[in-house]
Amino acid sequence: EKRPAAEAAPEFSYREQLEHLNPIAQPLASRKLTRKLYKCIRKAAKHKQIRRGVKEVQKFINKGEKGITVLAGDTLPIDVYCHIPIMCEDRNLPYAYVPSKSDLGAAAGSKRPTCVILLKPHEEYQEAYDECLGEVESLPLPL
């Protein structure tokens with residue numbers, strides 16, 4: 001039996017992915033929250049409600065767009081995107097790290113890995129979004 005590409009099982013388990021995290025991947029989403037975020041991103045991608053990639057996300061955060069920022073915790077060098085969490089904190093935007101950039105890219109419906117996604121609210125998946133939002137906001141921020 002074949003699964004569709006976006007639903008394909010991740011190459012590594014959550015625990016295996018944790019070994020490849022970079023030093024700044026805090027706050028890290030739990031396994032359960034990671035799954036919820038991927039699911040919400042898949043829904044958002046269907047409705048074209050995501051911003052993907054450092055340049056695009058940065059541009060729209062600066063323009064004052066609201067949403068949850070999801071970053072990949074296995075991105076190296078960290079200099080590529082280490083300024084994004086600071087921008088989020090300045091604007092009180094919730095953000096969280098997930099362990100894998102390839103899974104993040106797959107959830108967004110792309111073959112390419114992606115290191116950051118801005119997930120925008122939309123009435124089609126508002127319930128899932130609000131649930132993710134609540135959990136992401138309750139994660140402890142790094143000091």
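Residues numbered from 1 in each chain as written. Predicted model: local features only at pLDDT ≥ 70, side-chain atom pairs only at ≥ 80, totals over all residues. Heavy atoms only, no water.

### So, the packing of aromatic side chains
Going through the model one piece at a time under the given rule, you end up with two aromatic pairs. Here the aromatic rings of Tyr81 and Tyr97 are separated by 6.3 Å at their centres, their planes lie at 90°, and the arrangement is edge-to-face. With a gap of 16 residues between them, Tyr81 in the loop between strand 2 (68-72) and helix 4 (84-90) and Tyr97 in strand 3 (residues 95-98) connect regions that are remote in the sequence. Residue Tyr81 is classed as buried on the basis of its relative accessible area of 0%. When the ring of Tyr95 is compared with that of Tyr97, the centres are 6.4 Å apart and the planes differ by 80°; the resulting orientation is edge-to-face. By relative accessible area, Tyr95 is classed as buried at 3%. Accessibility expressed as a relative area gives 1% for Tyr97, which makes it buried. Of the aromatic side chains, those joined through ring pairs into one cluster are Tyr81, Tyr95 and Tyr97. Sitting over the face of the ring of Phe60, Arg51 holds its NZ or CZ atom 3.6 Å from the ring centroid. (Phe/Tyr/Trp six-rings, centres within 6.5 Å; stacked < 30°, edge-to-face > 60°. Helix = DSSP H or I, 4+ residues; strand = E, 2+ residues; numbered from the N terminus. Buried < 20%, exposed > 50% of the residue type's maximum accessible area, 1.4 Å probe, protein only. Lys NZ or Arg CZ within 6 Å of the ring centre and 35° of its normal.)

### Points about the pattern of salt bridges
Under the criterion given, the structure shown has four salt bridges. Salt-bridge contacts for Lys36 lead to Glu131; the nearest nitrogen and oxygen are separated by 2.9 Å. Taken as a pair, Lys36 in helix 2 (residues 31-46) and Glu131 in helix 6 (residues 126-138) lie far apart in primary sequence, 95 residues in all. On the accessibility criterion, Lys36 (21% relative accessible area) is partly exposed. (Salt bridge = Lys/Arg side-chain N within 4 Å of Asp/Glu carboxyl O.)

### Thoughts on the side chain of Thr75
With respect to the element layout, Thr75 can be found in the loop between strand 2 and helix 4. Overall, Thr75 belongs to the buried group, its relative accessible area being 5%. Here the side chain of Thr75 touches Ala72 through a polar contact of 3.3 Å, landing on its backbone oxygen. Residues within four places of Thr75 in sequence aside, it is in contact with Asn22, Tyr81, Lys101 and Cys115. (Polar contact = N/O pair within 3.5 Å; in protein donor to acceptor, adjacent residues only side chain to side chain. Contact = heavy atoms within 4.5 Å.)

### A word on the UniProt feature "domain: Ribosomal protein eL8/eL30/eS12/Gadd45" (unreviewed entry) in the protein chain
Those places that UniProt annotates as "domain: Ribosomal protein eL8/eL30/eS12/Gadd45" (unreviewed entry) correspond, in this numbering, to residues 36-127. Note that residues 36-127 is 39% helix and 17% strand, and that its end C-alpha atoms are spaced 11 Å apart. (UniProt positions renumbered as here; feature names shortened; annotations may be inferred.)

### Digging into helix 3 (residues 54-62)
Turning to helix 3, its buried residues are Val54, Val57, Phe60 and Ile61. Across the axial projection of helix 3, the buried residues extend over an arc of 145°, all falling on one side. Residues of helix 3 that are buried make contact with strand 1 (50-52), strand 2, helix 4 and strand 4 (116-119). The first or second residue beyond helix 3 is Gly64, which carries a positive phi of 90°. (Arc of directions from axis to C-beta.)

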